[in-house]
Amino acid sequence: MSSDDEVMRAIGSEFQRLGLRANELPGGGLAVQDWEAFLRFLQTFEPPVTWRDVFPDLPSHWLPGRPETWTTRYRPLGPYDHQSLPTGPAIHVEWPRTTDPSCLDGLIGAARAAGWPVYGGGFVDINDPDWPTLDAIIVLDAGTVDARLDDFLEWLDQRSDVSLAAVPRRGNEQYVPDF
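Parameters and conventions
- Residues numbered from 1 in each chain as written.
- Predicted model: local features only at pLDDT ≥ 70, side-chain atom pairs only at ≥ 80, totals over all residues.
- Heavy atoms only, no water.
- Phe/Tyr/Trp six-rings, centres within 6.5 Å; stacked < 30°, edge-to-face > 60°.
- Helix = DSSP H or I, 4+ residues; strand = E, 2+ residues; numbered from the N terminus.
- Buried < 20%, exposed > 50% of the residue type's maximum accessible area, 1.4 Å probe, protein only.
- Polar contact = N/O pair within 3.5 Å; in protein donor to acceptor, adjacent residues only side chain to side chain.
- Contact = heavy atoms within 4.5 Å.
- Axes fitted to C-alpha atoms, helices over the stretch in contact; angles between N-to-C directions.
- Parallel < 35°, antiparallel > 145°, perpendicular 65-115°, else oblique.
- Left-handed = near helix turned anticlockwise from the far one by under 90°.
- Nonpolar A, V, L, I, M, F, W, Y, C, P; charged D, E, K, R; others polar.

## A short note on the packing of aromatic side chains
Phase 1 of the analysis: Under the criterion given, the structure shown has 11 aromatic pairs.
Phase 2 of the analysis: Judged by centre distance (5.1 Å) and plane angle (80 degrees), the rings of Phe 15 and Trp 51 are edge-to-face. Taken together, the residues span a long stretch of sequence, with Phe 15 in helix H1 (residues 4-18) and Trp 51 in helix H3 (residues 51-54) at a distance of 36 residues. Assigned by exposure class, Phe 15 and Trp 51 land together as buried.
Phase 3 of the analysis: Seen from their ring centres, Phe 41 and Phe 45 are 5.1 Å apart, and the 90 degrees between their planes marks the pair as edge-to-face.
Phase 4 of the analysis: Using a relative accessible area of 16% as the deciding quantity, one classes Phe 45 as buried.
Phase 5 of the analysis: A connected cluster of aromatic rings, assembled from ring pairs, spans Phe 15, Trp 35, Phe 38, Phe 41, Phe 45, Trp 51 and Phe 55.

Take a look at the structure:
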(Lines give C-alpha, C1' and ligand atoms only; values in the text may rest on other atoms or scores of the structure.)
Protein backbone atom coordinates (compact mmCIF):
# COMPACT_ATOMS: atom_id res chain seq x y z
CA MET A 1 0.00 0.00 0.00
CA SER A 2 1.23 3.46 -0.70
CA SER A 3 -0.49 5.59 1.92
CA ASP A 4 -1.97 5.42 5.39
CA ASP A 5 -5.34 6.49 3.97
CA GLU A 6 -5.32 3.57 1.51
CA VAL A 7 -4.45 1.09 4.27
CA MET A 8 -7.22 2.43 6.50
CA ARG A 9 -9.75 2.25 3.63
CA ALA A 10 -8.64 -1.33 2.94
CA ILE A 11 -9.08 -2.24 6.62
CA GLY A 12 -12.57 -0.69 6.53
CA SER A 13 -13.36 -2.80 3.45
CA GLU A 14 -12.11 -5.93 5.25
CA PHE A 15 -14.32 -5.12 8.25
CA GLN A 16 -17.29 -4.85 5.88
CA ARG A 17 -16.38 -8.09 4.03
CA LEU A 18 -16.08 -9.95 7.33
CA GLY A 19 -19.28 -8.49 8.80
CA LEU A 20 -17.46 -6.58 11.55
CA ARG A 21 -18.88 -3.25 12.69
CA ALA A 22 -16.19 -0.88 14.00
CA ASN A 23 -18.66 0.77 16.41
CA GLU A 24 -19.19 -2.62 18.09
CA LEU A 25 -15.50 -3.28 18.72
CA PRO A 26 -15.21 -3.91 22.46
CA GLY A 27 -12.95 -1.28 23.94
CA GLY A 28 -14.00 1.26 21.35
CA GLY A 29 -10.82 1.41 19.30
CA LEU A 30 -7.68 -0.20 18.00
CA ALA A 31 -4.07 0.26 18.98
CA VAL A 32 -2.04 -1.35 16.21
CA GLN A 33 1.71 -1.04 15.63
CA ASP A 34 1.68 -2.18 11.99
CA TRP A 35 -1.56 -1.43 10.12
CA GLU A 36 -0.43 -3.26 6.98
CA ALA A 37 0.29 -6.41 9.01
CA PHE A 38 -3.14 -6.05 10.65
CA LEU A 39 -4.73 -5.78 7.18
CA ARG A 40 -2.93 -8.96 6.07
CA PHE A 41 -4.15 -10.68 9.26
CA LEU A 42 -7.76 -9.67 8.54
CA GLN A 43 -7.45 -10.99 4.99
CA THR A 44 -6.82 -14.50 6.38
CA PHE A 45 -10.39 -14.78 7.71
CA GLU A 46 -13.50 -15.99 5.91
CA PRO A 47 -16.86 -14.48 6.86
CA PRO A 48 -18.74 -14.51 9.09
CA VAL A 49 -16.31 -13.38 11.77
CA THR A 50 -16.80 -11.98 15.27
CA TRP A 51 -14.56 -9.53 17.12
CA ARG A 52 -13.69 -12.39 19.46
CA ASP A 53 -12.39 -14.36 16.43
CA VAL A 54 -10.10 -11.45 15.54
CA PHE A 55 -9.13 -10.72 19.15
CA PRO A 56 -9.40 -13.99 21.13
CA ASP A 57 -7.85 -12.33 24.21
CA LEU A 58 -10.76 -9.91 24.71
CA PRO A 59 -11.94 -10.13 28.31
CA SER A 60 -14.80 -12.62 28.50
CA HIS A 61 -17.19 -10.06 30.03
CA TRP A 62 -16.79 -7.59 27.11
CA LEU A 63 -19.78 -7.81 24.79
CA PRO A 64 -19.70 -6.36 21.25
CA GLY A 65 -22.00 -3.36 20.93
CA ARG A 66 -22.40 -3.02 24.73
CA PRO A 67 -19.88 -0.41 25.90
CA GLU A 68 -21.12 -0.66 29.48
CA THR A 69 -19.35 -4.07 29.62
CA TRP A 70 -15.99 -2.76 28.36
CA THR A 71 -14.45 -2.43 31.77
CA THR A 72 -11.01 -3.22 33.11
CA ARG A 73 -9.71 -4.06 36.55
CA TYR A 74 -8.78 -1.08 38.68
CA ARG A 75 -5.05 -0.40 38.94
CA PRO A 76 -3.70 2.48 41.02
CA LEU A 77 -1.63 5.05 39.11
CA GLY A 78 1.07 4.87 41.77
CA PRO A 79 1.60 4.77 45.54
CA TYR A 80 0.01 8.23 45.79
CA ASP A 81 -3.30 6.92 44.35
CA HIS A 82 -6.22 5.11 45.99
CA GLN A 83 -4.96 1.55 46.31
CA SER A 84 -8.44 0.08 45.97
CA LEU A 85 -11.91 1.19 44.94
CA PRO A 86 -13.57 3.58 45.29
CA THR A 87 -11.26 6.05 43.62
CA GLY A 88 -11.31 9.73 42.75
CA PRO A 89 -10.44 11.90 39.78
CA ALA A 90 -6.85 12.00 38.53
CA ILE A 91 -5.47 15.17 36.95
CA HIS A 92 -2.28 15.25 34.87
CA VAL A 93 -0.32 18.47 35.40
CA GLU A 94 3.05 19.63 34.10
CA TRP A 95 5.78 22.16 34.61
CA PRO A 96 8.81 23.05 32.47
CA ARG A 97 11.42 20.28 32.79
CA THR A 98 13.85 22.51 34.69
CA THR A 99 11.36 23.21 37.50
CA ASP A 100 12.42 22.19 41.01
CA PRO A 101 10.57 18.97 41.98
CA SER A 102 9.35 20.64 45.17
CA CYS A 103 6.73 22.24 42.89
CA LEU A 104 4.46 19.22 43.38
CA ASP A 105 4.45 19.48 47.17
CA GLY A 106 3.87 23.22 46.80
CA LEU A 107 0.90 22.68 44.51
CA ILE A 108 -0.64 20.01 46.73
CA GLY A 109 -0.18 22.24 49.79
CA ALA A 110 -1.75 25.24 48.03
CA ALA A 111 -4.68 23.11 46.85
CA ARG A 112 -5.35 21.72 50.31
CA ALA A 113 -5.01 25.18 51.86
CA ALA A 114 -7.63 26.41 49.37
CA GLY A 115 -9.97 23.62 50.50
CA TRP A 116 -9.64 21.26 47.55
CA PRO A 117 -10.12 17.53 48.31
CA VAL A 118 -6.62 16.34 47.32
CA TYR A 119 -5.95 12.71 48.20
CA GLY A 120 -2.36 12.65 46.93
CA GLY A 121 -0.02 13.23 44.06
CA GLY A 122 3.10 11.90 42.44
CA PHE A 123 5.38 12.32 39.49
CA VAL A 124 4.88 10.39 36.26
CA ASP A 125 7.85 8.16 35.53
CA ILE A 126 9.07 9.21 32.07
CA ASN A 127 12.15 7.48 30.69
CA ASP A 128 12.75 9.83 27.74
CA PRO A 129 15.66 12.14 28.75
CA ASP A 130 14.49 14.67 26.14
CA TRP A 131 10.94 14.90 27.50
CA PRO A 132 10.23 18.64 27.77
CA THR A 133 8.11 18.68 30.92
CA LEU A 134 8.03 17.56 34.53
CA ASP A 135 4.75 15.63 34.75
CA ALA A 136 2.68 14.68 37.77
CA ILE A 137 -0.73 13.30 38.68
CA ILE A 138 -2.92 14.91 41.33
CA VAL A 139 -5.56 12.54 42.74
CA LEU A 140 -8.69 13.88 44.39
CA ASP A 141 -10.69 12.18 47.12
CA ALA A 142 -13.02 9.32 46.26
CA GLY A 143 -16.53 10.55 45.68
CA THR A 144 -15.46 13.94 44.27
CA VAL A 145 -18.39 14.92 42.05
CA ASP A 146 -18.02 16.25 38.50
CA ALA A 147 -18.92 19.82 39.47
CA ARG A 148 -16.24 19.88 42.19
CA LEU A 149 -13.68 18.42 39.76
CA ASP A 150 -14.60 21.06 37.17
CA ASP A 151 -14.16 23.80 39.79
CA PHE A 152 -10.75 22.37 40.73
CA LEU A 153 -9.72 22.32 37.06
CA GLU A 154 -10.75 25.96 36.78
CA TRP A 155 -8.65 26.78 39.87
CA LEU A 156 -5.68 24.97 38.31
CA ASP A 157 -6.17 26.80 35.02
CA GLN A 158 -5.94 30.15 36.82
CA ARG A 159 -2.52 29.31 38.25
CA SER A 160 0.53 30.52 36.35
CA ASP A 161 2.96 28.07 38.01
CA VAL A 162 1.50 24.84 36.55
CA SER A 163 -0.24 23.67 33.38
CA LEU A 164 -3.15 21.29 33.09
CA ALA A 165 -2.20 18.50 30.66
CA ALA A 166 -5.18 16.11 30.84
CA VAL A 167 -7.76 14.43 33.03
CA PRO A 168 -7.01 10.71 32.65
CA ARG A 169 -9.67 9.69 35.18
CA ARG A 170 -12.82 11.52 36.26
CA GLY A 171 -13.47 9.15 39.16
CA ASN A 172 -16.79 7.84 37.88
CA GLU A 173 -15.37 5.09 35.64
CA GLN A 174 -16.72 1.56 35.97
CA TYR A 175 -14.29 -1.25 36.73
CA VAL A 176 -14.75 -4.99 36.63
CA PRO A 177 -15.05 -6.27 40.19
CA ASP A 178 -12.11 -8.15 41.69
CA PHE A 179 -12.97 -11.69 42.60
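Past the structure itself, the notes keep going.
## Let's talk about the side chain of His 82
Phase 1 of the analysis: One can find His 82 in the loop between H3 and strand S1 (90-96).
Phase 2 of the analysis: Separated by 3.1 Å, the side chain of His 82 and the backbone oxygen of Leu 140 make a polar contact.
Phase 3 of the analysis: Excluding anything up to four places from it in sequence, His 82 contacts Tyr 74, Pro 76, Thr 87, Gly 88, Tyr 119, Val 139, Leu 140, Asp 141 and Ala 142.

## Some thoughts on the packing of H1 against helix H2 (residues 35-42)
Phase 1 of the analysis: Remark: H1 packs on H2, axes separated minimally by 10 Å, with the N-to-C direction vectors making an angle of 20 degrees. As summarised for this structure, H1 and H2 are arranged roughly parallel, according to the angle between their axes. When the axes of H1 and H2 are compared, the crossing they make is left-handed. Together, Val 7, Met 8, Ala 10, Ile 11, Glu 14, Phe 15, Arg 17 and Leu 18 of H1 and Trp 35, Glu 36, Phe 38, Leu 39 and Leu 42 of H2 make up the contact between the two elements.
Phase 2 of the analysis: For the contact of H1 with H2, the class distribution of residues is 10 nonpolar, no polar and three charged.

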